[in-house]
Amino acid sequence: MNACHWEASNMTDNMITLRNELNEEQQAFSQMQQQHFKVRARMALENDGLRKSFRGASDFLMAKRSSVFPDDVSLQNLRTQGEAIRQHSLKNLPDLLETLEKNLTVNGIQVHWAETADEACELIHGILADNNARTVVKGKSMVSEEIELNHYLEQKGIECLESDMGEYLVQLAGETPSHIIMPAIHKNKQQIARLMHGRAETADGSDVPYSEDVDDLIGNARAILREKFMNADAGISGVNMAVANTGTLCLVENEGNGRMTTTVPRLHIAVTGIEKVVEDFSHVPELLTLLTRSATGQKISTYFNMISGPKKPEDLDGPEQVHLVLVDNGRSRIFNHPVLKPTLQCIRCGACMNHCPVYARVGGHAYGSTYPGPIGQVVTPQIQGLEHSGDMLSACSLNGACGEACPVRIPLPDLIRELRHEANHPQFINAAESQDLSVVKERGGKRSLGESLIWKGWSVSHQSPMLYRTMTWFLTRGRGLLSGRAGKSLLSPWTDSRTTPKPAAKSLHELAKAQGIPSEYRESDSIKGQK
C-alpha cells in the first residue's frame, strides 16, 4: 500500500470512528432526556465540563447586560415602562388579536389560528402541502420548538433545516436547545468542530474540514446554509412582536438568517404565540431596547425586520405568500388564571436563566423542556401539566434573582410558589375535562397521601397546646432516632439533597421554664384568674 492510499484509508477510519462517537453521544442524549428530572439534574451536576461551560456563559452574559445598563435608575424606569406595555397588551389581548387579524388580512397576510400544538403542526403542513413545498429553511422560533414542528415535518417527508447558527448545530447533533437565546451554549468549540467535521457536508457533498477556528466554523456553516436558502421551497420564522394597528410582524436577529428565511423562498410562514401582540409601533422601542440588552448585552440587534405583506408587483424580492399561525397551546388558560397571567408578559430574552444559580449549575437540558430556567419552570407546567412537569418546580431556591433580572418585571418567584401550591392542591383536576379556563392543567398532580397526612398532622398539633407539647416532647427525646437512618428514610426525598434536621435536646418552652420564664399559657391563665 502506497502512502497516498494509506493516508486515505486512515482518514476514512478516523471519520468512521468520529461518526460512531457522535452517534453514541446522540443516543446518550436521547436516553438522558427520557430520565426523570431529578436524574437529569444529577447527571448535569456530575458533568464538570458542562458546569464550566454554563458558569462561564452565565458570568459573561450577566457582565454584558450590566455594561449596557450602567444607570440603575434608568434601568428601573425602563423596566416599569416595559411592564406597563406588556400588561396593557394582555389587558386588551382579545381585541388586539382581532385588530391584528383584520390588518394582516388587509396587508395580504393569511392568518390561521391553532388551539393546540398538533393543530398548529397540521396547519403548517397543510400550507406546505398546498404549495408543493418539500424543503424548508427555518429562522429561530421557540414556538416551533414548543410544538415540535421539525419532528412533525420530518415524519411527513419534508426537509426542515434550521438556519440560526446555534439551532443548526443543535439540529446537527440531534439535540434540543439548552437556552432560548443561545441554543448551543452547552457546546465548546472543540465539540462544534467535531460535529461540523463529522456530520456537515458542503454543497458538493464533501466533508467539512476540521477546524477549531471560530471564523472557519461560521464560514463553513454559512456556505452550507446559503445554498439551502437559494433552493428552499419555504421559509418558517418566529415573531418577536406583532403590531396590531399596522398588521406588521417584527423579527429581531443578529445573523441575517431571519431576513433570508423571510424573503428568499416563495412561501413564508410565521409562527408565534397569541401573547406576542402589541397595540402600536410606539410600544416597540422600549421592548426592543429591553430585549436586546437583556438577552445579549447589545444596545441594538444587527437586524430588525418588519414584515407587512407578501411581495408586491414592483418589489424586487420577497415571498409570494405570507402566512401567520397564531398558537394558543394553553395560553388562554394562563391568560384566565388570576395569579399566573403575568407569565404571558415574557419577551423571551433569557435574562432570568442567565441570572439563575440553579440553571448555571445544571444547564438547560436538565429541565427536559423547550423553555428551561425560571421562565421554563413557570411556562412548561402550565402547558404540559403539573403532573407531567411539576417536578421542575423544585429546582428553585426562591433567591429572587430571576425576578430582579426580568426586564418586564414578571414576578417569577411568586409564580413558582403559586404553581407549587397548585401542584399540591387537594383536588386533582385534569384541565382537559374542565371547562374552567382559570384552572391550571393537572392541578393537584403532585399531591401525595404521605405529605398530605404530615401537613394535616402539623396543622392539628399546632391548634392544640397539649398536642403541641406532646409532639415536641417526643421529638426532643427521640432526636437520636430522627437523625439516624430511619429518620433519613422517613424524611426522604427532603434529605436526599439536604442535611437531616436534628431536634434540640429540649424544647423552647422547657428551656424558658428552666430559666424561670413563665409560658404564655401560664401567664394567660393568671390574667384570666385576676379578672
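Scroll up to find the structure.
Fair warning: this is a prediction, and the values are worked out from it, not measured in the lab.

So, how was this worked out
Residues numbered from 1 in each chain as written. Predicted model: local features only at pLDDT ≥ 70, side-chain atom pairs only at ≥ 80, totals over all residues. Heavy atoms only, no water. Helix = DSSP H or I, 4+ residues; strand = E, 2+ residues; numbered from the N terminus. Buried < 20%, exposed > 50% of the residue type's maximum accessible area, 1.4 Å probe, protein only. Contact = heavy atoms within 4.5 Å. Areas by Shrake-Rupley, 256 points an atom, 1.4 Å probe, with all protein chains shown as cover. Lys, Arg positive; Asp, Glu negative; His and termini not counted. Charge placed at Lys NZ, Arg CZ, Asp CG, Glu CD. Expected span 1.5 Å × (residues − 1). Arc of directions from axis to C-beta. Salt bridge = Lys/Arg side-chain N within 4 Å of Asp/Glu carboxyl O. Pairing = 2+ DSSP bridges. Axes fitted to C-alpha atoms, helices over the stretch in contact; angles between N-to-C directions.

J.: What exactly am I supposed to notice about the overall build of the chain here?
T.: Summing up its helical and strand segments, the chain has 26 helices and ten strands in all. Summarising its shape, the C-alpha atoms of the chain cover approximately 95 × 70 × 50 Å along the three principal directions. For the chain, with 531 residues in total, the buried portion stands at 47%. Intrachain contacts of the chain at a sequence separation of at least 6 include 72% that bridge at least 24 residues. Counting only carbon and sulfur atoms, one obtains 53% of the accessible surface of the chain, whose full area is about 26,700 Å². The positive charge centre, built from 56 side chains, and the negative charge centre, built from 63, are 11 Å apart in the chain.

J.: Whenever I open this one, helix 3 (residues 48–68) confuses me. Can you help?
T.: One turn of an α-helix holds 3.6 residues; hence residues three or four places apart share an orientation. Relative to the 30 Å expected for 21 residues at 1.5 Å per residue, helix 3 spans 31 Å between its end C-alpha atoms, a close match to the ideal helical length. Where helix 3 is concerned, the buried positions are L50, F54, A57, S58, L61, R65 and V68. An end-on view of helix 3 places all buried positions within 100° of arc, on one side of the element. Along helix 3, the residues that are exposed and aim more than 90 degrees away from the buried face are D48, K52 and F60. Residues of helix 3 that are buried in the fold lie against helix 2 (37–45), helix 4 (72–91), helix 13 (284–296), helix 15 (351–355), helix 16 (357–362) and helix 19 (401–405).

J.: Hey, could you run me through the pattern of salt bridges in this one?
T.: Working definition: two side chains of opposite charge can pair if their charged atoms are close together. Taken as a whole and judged by the stated rule, the model has 15 salt bridges. With a shortest N-O distance of 3.1 Å, E25 and R194 are connected by a salt bridge. Of the two residues, E25 is situated in helix 1 (residues 3–33) and R194 in helix 10 (residues 189–199); the sequence distance between them amounts to 169 residues. Taking the relative accessible area as the measure of exposure, E25 reaches 36% and is therefore partly exposed. Residue K140 is joined to E167 by a salt bridge in which the shortest nitrogen-to-oxygen separation is 3.9 Å. Placement of the pair is K140 in the loop between strand 2 (135–138) and helix 7 (142–146) and E167 in helix 9 (residues 165–173), with a sequence separation of 27 residues. Because the salt bridges share partners, they merge into one network encompassing E146, E275, R331 and R348.

J.: Hey, could you run me through the sheet that holds strand 2 in this one?
T.: Working definition: the strands of a sheet are paired by backbone hydrogen bonds and lie parallel or antiparallel to each other. The parallel open sheet is built from six strands, whose spatial order is 1-10-7-4-2-3. This sheet does not close on itself; its edge strands, each paired only once, are strand 1 (110–114) and strand 3 (159–162). Each strand of the sheet is rotated relative to its neighbour by a mean of 20°, with strand direction disregarded. Alignment of strand 7 (residues 267–273) against strand 10 (residues 321–327), held across seven bridges, turns out to be parallel. What sits directly across from L267, in strand 10, is Q321. Docked against the sheet, helix 6 (residues 117–130) engages strand 1, strand 2, strand 4 (234–237), strand 7 and strand 10, running at close to 150° with respect to strand 1.

J.: Help me understand the pairing of strand 4, please; the structure alone is not making it clear to me.
T.: Both faces of the sheet carry side chains from a regular strand, because those side chains alternate between them. Taking every second residue as pointing to the same face, both faces of strand 4 are buried, with A234 and I236 on one and G235 and S237 on the other. The pairing of strand 2 with strand 4 spans three bridges and is classified as parallel. What sits directly across from V136, in strand 4, is A234. Bridge count for strand 4 against strand 7 is four bridges, and the pairing is parallel.

All quantities given are derived from atomic positions and should not be read as evidence of function.
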